[in-house]
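A look at the structure
Chain by chain, the residues run as shown.
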Amino acid sequence: MHSPPLRQVPSSWRTWLSVRRWRVLAGAVIALAGLLLLLRDGALLLADLPPPARMALVGGCWAAAATAAGTLPILLSQNFSQRSYDAALGLGGGIMLAATSFSLVLPALSASRAAGAGAIDASLTVGGGILLGMALVMLLGHLVQSDRVLQDANVRAPQAMTRAWLFVAAVAIHNLPEGVAIGVGYGGVDAVKAHTLATGIAIQDIPEGLVVALALRAVGYGRGFSALLGAVSGLVEPLGAVAGALLIEASTSFLPWGLAGAAGAMLYVICHDVVPEAQRHGHCNTAACSLVIGFIVMMVLDTALS
């Protein structure tokens, strides 16, 4: 019995494959050179940053890494029930709520009083900062409507890639207040409380990364692509952290407003995005109980262990 002859690859295809292989290799070399230059410039920039900004950068990177870790179940083909998904969202919302209260609002009141404000003036200052932070996130949210970007998505359409990146940009806008909160914490409060705040935000970023990856997966994007964009959505947090720390480093008079503004931004995200999404599929008790547990966990981290 004779085996069938091997199918010969046309010479034009061999030429195309050879050219494509060299293009891929050249692209990889260019990308590697760019990465090395970026690392060199990043190291120089890190050396020039003041100590609070350097610590804020580390805290922001830790939060971004937690966001990336949250996408791993998608990459590993793990399936989650809707109830587990909603419970994770509720837990993250509770952690954010406690961080807002104990790591941002209370230190903002203390900083305002330390600057010489009376009890009423300090309360009004913090209240104004909360409103300002909320208004800023609302304004940024209008730039990209994340709840509409993925509607009627067709992953084979030419606009599919643009639609996916717009969705990630919208999520990144909502992640920005968390990064700023980390930076303001390192720039204005004691290091232990700042570490606690960064840890709490990193914990709640794990289900947040999963949320982004699941949303992209639900409309037909591949596992690797969904996980990649979920991780990318957290990269804004180190940038926000450095910006927040540098703002406080420029003038301590910004401290009460910075802390309160970060609190207002996070409160808006909790009320507008996290809680409604956690209860959208009817698992209200699960989401509410998880939120309370997350609040307690962050409260313990911020009060008993600091």
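Reading guide: rules and limits
- Residues numbered from 1 in each chain as written.
- Predicted model: local features only at pLDDT ≥ 70, side-chain atom pairs only at ≥ 80, totals over all residues.
- Heavy atoms only, no water.
- Helix = DSSP H or I, 4+ residues; strand = E, 2+ residues; numbered from the N terminus.
- Expected span 1.5 Å × (residues − 1).
- Bend = angle between axes of the 7 residues up to and from the residue.
- Buried < 20%, exposed > 50% of the residue type's maximum accessible area, 1.4 Å probe, protein only.
- Axes fitted to C-alpha atoms, helices over the stretch in contact; angles between N-to-C directions.
- Parallel < 35°, antiparallel > 145°, perpendicular 65-115°, else oblique.
- Left-handed = near helix turned anticlockwise from the far one by under 90°.
- Contact = heavy atoms within 4.5 Å.
- Nonpolar A, V, L, I, M, F, W, Y, C, P; charged D, E, K, R; others polar.
- Core = buried A, V, L, I, M, F, W, Y, C linked by side-chain atoms within 4.5 Å.

1. Let's talk about helix α4 (residues 82-114)
Over its 33 residues, α4 runs 47 Å from end to end, which matches the ideal 48 Å to within 8%, given 1.5 Å per residue. Maximal helix bending in α4 amounts to about 30 degrees, located at Thr-100. Among the residues trailing α4, Gly-116 stands out with phi positive, at a value near 105 degrees.

2. A word on the environment of Ala-170
Inspection of the secondary structure puts Ala-170 in helix α7 (residues 160-188). Under the relative-accessibility criterion, Ala-170 is labelled buried at 1%. Remark: the alpha-carbon pair of Ala-170 and Ser-233, spanning 63 residues in sequence, is separated by 8.7 Å.

3. Describing the packing of helix α2 (residues 51-70) against helix α10 (residues 236-250)
Put simply, α2 and α10 touch, their axes get as near as 7 Å, and they point 155 degrees apart. Judged by the angle between their axes, α2 and α10 are roughly antiparallel. Taken as a pair, α2 and α10 cross one another with a handedness that is right-handed. Together, Pro-52, Ala-53, Ala-56, Leu-57, Gly-60, Cys-61, Ala-63, Ala-64 and Thr-67 of α2 and Glu-237, Pro-238, Ala-241, Val-242, Ala-245, Leu-246 and Glu-249 of α10 make up the contact between the two elements. Partitioned by chemical class, the residues of the contact of α2 with α10 number 12 nonpolar, two polar and two charged.

4. Brief notes about the nonpolar core
In terms of nonpolar packing, the biggest core is built from 39 residues, with Leu-104, Ala-181, Ile-182 and Leu-259 touching the most fellow members. Elements represented by at least two residues in this core include exactly α2, α4, α5 (119-143), α7, α8 (191-218), α10 and α11 (255-279). When residues of this core are assigned to their parent elements, the largest contribution, 11 residues, is made by α11.

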